[in-house]
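Residues per chain, in single letters:
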Amino acid sequence: MGLITTTNTKLGGKIAQLNMPYIISCRKDAPCKKECYCNKGNLRFDNVRASHIKKYELYKANPQKFFNMLSEELDMIPYKYFRWHSSGDIVDEQYLELMSKLARKHKRTHFLCFTKKYELVNNYLQHHKKPSNLVICLSNWGEWKVDNPHHLPTSYVDFDKGNEDIPEFAYECPGHCDTCPGTHCFHMKKNDSVVFKKH
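Keep in mind the model is a prediction, meaning the values are calculated, not measured.

### Quick notes on the packing of helix 2 (residues 63-76) against helix 3 (residues 93-105)
- For the pair helix 2 and helix 3, the least separation of the axes is 11 Å and the interaxial angle reads 25 degrees. Relative to helix 3, the element helix 2 is oriented roughly parallel. Seen from above, helix 2 lies across helix 3 with right-handed handedness. Each of Pro-63, Gln-64, Phe-67, Leu-70, Ser-71, Leu-74 and Asp-75 in helix 2 lies in contact with helix 3, whose residues at this interface are Gln-94, Tyr-95, Leu-98, Met-99, Leu-102 and Lys-105.

### Digging into the packing of aromatic side chains
- Taken as a whole, this structure holds 14 aromatic pairs when the rule is applied.
- Taking the centre distance of 5.9 Å and the plane angle of 70 degrees together, the rings of Trp-84 and Tyr-95 count as edge-to-face. Pair noted here: Trp-84 is in strand 2 (residues 81-84) and Tyr-95 is in helix 3, with a separation of 11 residues, a long-range link. For the pair Trp-84 and Tyr-95, one class covers both residues: buried.
- Put simply, the rings of Tyr-59, Phe-66, Phe-67, Phe-82, Trp-84, Tyr-95 and Phe-111 pair up and form one aromatic cluster.
- One Lys or Arg, Arg-49, reaches over the ring of Tyr-22 and ends 4.7 Å from the middle of that ring.

### A short note on the packing of helix 3 against helix 4 (residues 118-127)
- Across the interface, helix 3 lies against helix 4 with an axial gap of 10 Å and an inter-helix angle of 60 degrees. Classed by the angle they form, the pair helix 3 and helix 4 counts as oblique. Relative to helix 4, the crossing made by helix 3 is right-handed. Residue-level inspection shows Glu-93, Leu-96, Glu-97 and Ser-100 of helix 3 in contact with helix 4, the latter providing Leu-120, Val-121, Asn-123 and Tyr-124.

### Re the sheet that holds strand 5 (residues 154-158)
- Pairing is parallel in the open sheet, where seven strands are placed in the order 1-2-3-4-5-7-6. At either end of the open sheet lies a strand with only one pairing partner, and these are strand 1 (15-18) and strand 6 (171-172).
- As judged from the two bridges shared by strand 6 and strand 7 (residues 193-197), these two strands associate in the parallel manner. In the strand pairing of strand 7, Tyr-171 is matched with Val-194.
- Across the sheet, helix 2 is in contact with strand 1, strand 2 and strand 3 (110-115); its angle to strand 2 comes to roughly 150 degrees.

Here is what the cut-offs are and how they apply
- Residues numbered from 1 in each chain as written.
- Predicted model: local features only at pLDDT ≥ 70, side-chain atom pairs only at ≥ 80, totals over all residues.
- Heavy atoms only, no water.
- Axes fitted to C-alpha atoms, helices over the stretch in contact; angles between N-to-C directions.
- Helix = DSSP H or I, 4+ residues; strand = E, 2+ residues; numbered from the N terminus.
- Parallel < 35°, antiparallel > 145°, perpendicular 65-115°, else oblique.
- Left-handed = near helix turned anticlockwise from the far one by under 90°.
- Contact = heavy atoms within 4.5 Å.
- Phe/Tyr/Trp six-rings, centres within 6.5 Å; stacked < 30°, edge-to-face > 60°.
- Buried < 20%, exposed > 50% of the residue type's maximum accessible area, 1.4 Å probe, protein only.
- Lys NZ or Arg CZ within 6 Å of the ring centre and 35° of its normal.
- Pairing = 2+ DSSP bridges.

Given below as structure tokens:
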């Protein structure tokens, strides 16, 4: 079973990704739960969701083996860009540690992860240093705001209801990674922000 896919049309065929099942791997109080885009398109298909659940179960059964399998796939095809979780979120702190180790091993790949599990990330960064080729972007949702003591990049959603909370300097996502100049989000730095149209 391959863990990596390249079939997300918004990301483009050159960007690798790994997904986890939404709801199951997400924070219990996720503010986006009722409006999650994973309820739309091919992410809602039974076979796609079953694949995500199987990956989640593989990880839970043997975390190190799961990441070894993932590393082997990246050895075979050294993707320039790798997106974590178009569906789902960071499972637990061990998962984040293994994400970091994977990035350190595959230095030529730019890894990107959007997450609402800001407490988990903040706790991890109190005791660990994040590799430079792993961008972790904390995701705000309307009035629900993340705590960001480490000044990580942040994302916002444009709900067309007045955007006074979105920083003026936030980069506006063009909608598709393969049409984005320099694939912006994979190179975000501290205090950078990106805004997405709600989809």
